[in-house]
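Here is how the chains run, residue by residue.
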Amino acid sequence: MEVFEAIHGRRSIGKVKQEPIAREKIERILEAGIWAPNHRLTEPWQFFVMTGEGRGKLGGAYAAIAREGEQDKDSEESLAKAEAARKKAFRAPLVIGVAVAPRERTGVIEIEEYGAVFAAVQNMLLAVHALDLAAVWRTGEPCYHPLMNKAFGLREHDRMLGLLYIGEPDMAAPSPRRQPASSKTAWIESVE
Ligand SMILES: Cc1cc2nc3c(=O)[nH]c(=O)nc-3n(C[C@H](O)[C@H](O)[C@H](O)COP(=O)(O)O)c2cc1C
């Protein structure tokens, strides 16, 4: 797929089929991620590939986070909320958690570590699209919760930056909405 076609054609697609995704395709998605630009080549990304029952790892984290926010963690209502949260991890046959583990090295600027991993996510989303699959990048407060770090063995200053829900599309791609680039652009061609 031509690069401009991939950029324009990629859309967030939340509804996907439960058909498993071939390992070879998953590896191509991960490979696309690691070729993101990365200042000082720190390679600050970490990937968690969840399929089948493995998605229960994320489900467990969602459930623990949902309960944590409740006054009475053992009430029927809290347990029902935790169960509803757990089920969210199973919305796609493949979920890839993408985390940043910023390097603590002289000259490494933390925001750039995040930048590299966000770029990796975009590469992965474009690869998903080029493979005729669909994805949505999900986050929300649970993504950045300390219990999410705990579930995936991340350090305190690491962050889960995206949960990519991937599968075969089960809905039409929504129409894209963007203001024209010209409305966000200043052309600077000389200095007064
Ligand atoms: C950092 C980040 C977090 C996002 N989190 C969510 C999310 O939690 N749930 C969701 O449905 N979409 C999420 N999205 C996807 C956006 O909603 C989506 O990109 C936007 O609606 C534009 O649609 P498009 O991706 O089809 O162009 C996220 C996107 C980014 C960049």
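Keep in mind that what you see is a predicted model, and the values were worked out from it rather than measured. (Residues numbered from 1 in each chain as written. Predicted model: local features only at pLDDT ≥ 70, side-chain atom pairs only at ≥ 80, totals over all residues. Heavy atoms only, no water.)

Caption draft 1: Quick peek at the nonpolar core. One finds Ile29, Ile96, Val98, Met124, Leu133, Leu164 and Ile166 to be the most contacted residues of the largest nonpolar core, which totals 23 residues. For this core, the secondary-structure elements that each account for two or more residues are α2 (23-34), β2 (94-100), α5 (110-130) and β4 (159-167). By residue number, the principal contributor to this core is α5, which donates seven residues. Not counting residues within four places of it along the chain, the set of residues in contact with Leu164 comprises Leu94, Val95, Ile96, Val98, Val121, Met124, Leu125, Val136 and Trp137. Leu58, Tyr62, Ile65 and Val95 belong to the second-largest nonpolar core, a separate cluster that totals 22 residues. (Core = buried A, V, L, I, M, F, W, Y, C linked by side-chain atoms within 4.5 Å. Buried < 20%, exposed > 50% of the residue type's maximum accessible area, 1.4 Å probe, protein only. Helix = DSSP H or I, 4+ residues; strand = E, 2+ residues; numbered from the N terminus. Contact = heavy atoms within 4.5 Å.)

Caption draft 2: Up close: the side chain of Arg11. Here Arg11 lies in the loop between α1 (3-9) and α2. Buried within the structure, Arg11 lacks any salt-bridge partner; its nearest side chain of opposite charge belongs to Glu5, at an N-O separation of 12 Å. A polar contact is formed between the side chain of Arg11 and the backbone oxygen of His8, at a distance of 3.0 Å. (Lys, Arg positive; Asp, Glu negative; His and termini not counted. Salt bridge = Lys/Arg side-chain N within 4 Å of Asp/Glu carboxyl O. Polar contact = N/O pair within 3.5 Å; in protein donor to acceptor, adjacent residues only side chain to side chain.)

Caption draft 3: Just helix α3 (residues 56-68), in detail. In this model, α3 (13 residues) spans 18 Å end to end at C-alpha, consistent with the 18 Å of a helix rising 1.5 Å per residue. For α3, every residue scored as buried is listed here: Leu58, Gly59, Ala61, Tyr62, Ala63 and Ile65. As for α3, its buried residues are in contact with β1 (45-51), α4 (76-87), β2, α6 (146-151) and β4. (Expected span 1.5 Å × (residues − 1).)

Caption draft 4: Local environment of the UniProt feature "domain: Nitroreductase" (unreviewed entry) in the chain. Per the UniProt record, "domain: Nitroreductase" (unreviewed entry) is found at residues 7-167. The span residues 7-167 shows a helical share of 42% and a strand share of 17%, and its end C-alpha atoms are spaced 19 Å apart. (UniProt positions renumbered as here; feature names shortened; annotations may be inferred.)

Caption draft 5: Summary view of the packing of α3 against α4. It is the contact of α3 with α4, at a shortest axis distance of 7 Å, that shows an interaxial angle of 150°. With respect to each other, α3 and α4 are oriented roughly antiparallel. Every pair of crossing elements has a handedness; the one defined by α3 and α4 is right-handed. Across from Gly59, Gly60, Tyr62, Ala63, Ala66 and Arg67 in α3, the residues of α4 making contact are Ser78, Leu79, Lys81, Ala82, Ala85 and Arg86. (Axes fitted to C-alpha atoms, helices over the stretch in contact; angles between N-to-C directions. Parallel < 35°, antiparallel > 145°, perpendicular 65-115°, else oblique. Left-handed = near helix turned anticlockwise from the far one by under 90°.)

Caption draft 6: Focus on the site of the ligand. For the ligand, the full set of nearby residues is Arg10, Arg11, Ser12, Val136, Trp137, Arg138, Thr139, Gly140 and Arg178. Between the ligand and the protein, one listed contact pairs an oxygen atom with a side-chain N or O atom of Arg11 at 2.8 Å. Taking 620 Å² as the accessible area of the ligand by itself, protein coverage stands at 56%. For the shell around the ligand, a count of residues per class yields two nonpolar, three polar and four charged. (Near = heavy atom within 4 Å. Areas by Shrake-Rupley, 256 points an atom, 1.4 Å probe, with all protein chains shown as cover. Nonpolar A, V, L, I, M, F, W, Y, C, P; charged D, E, K, R; others polar.)

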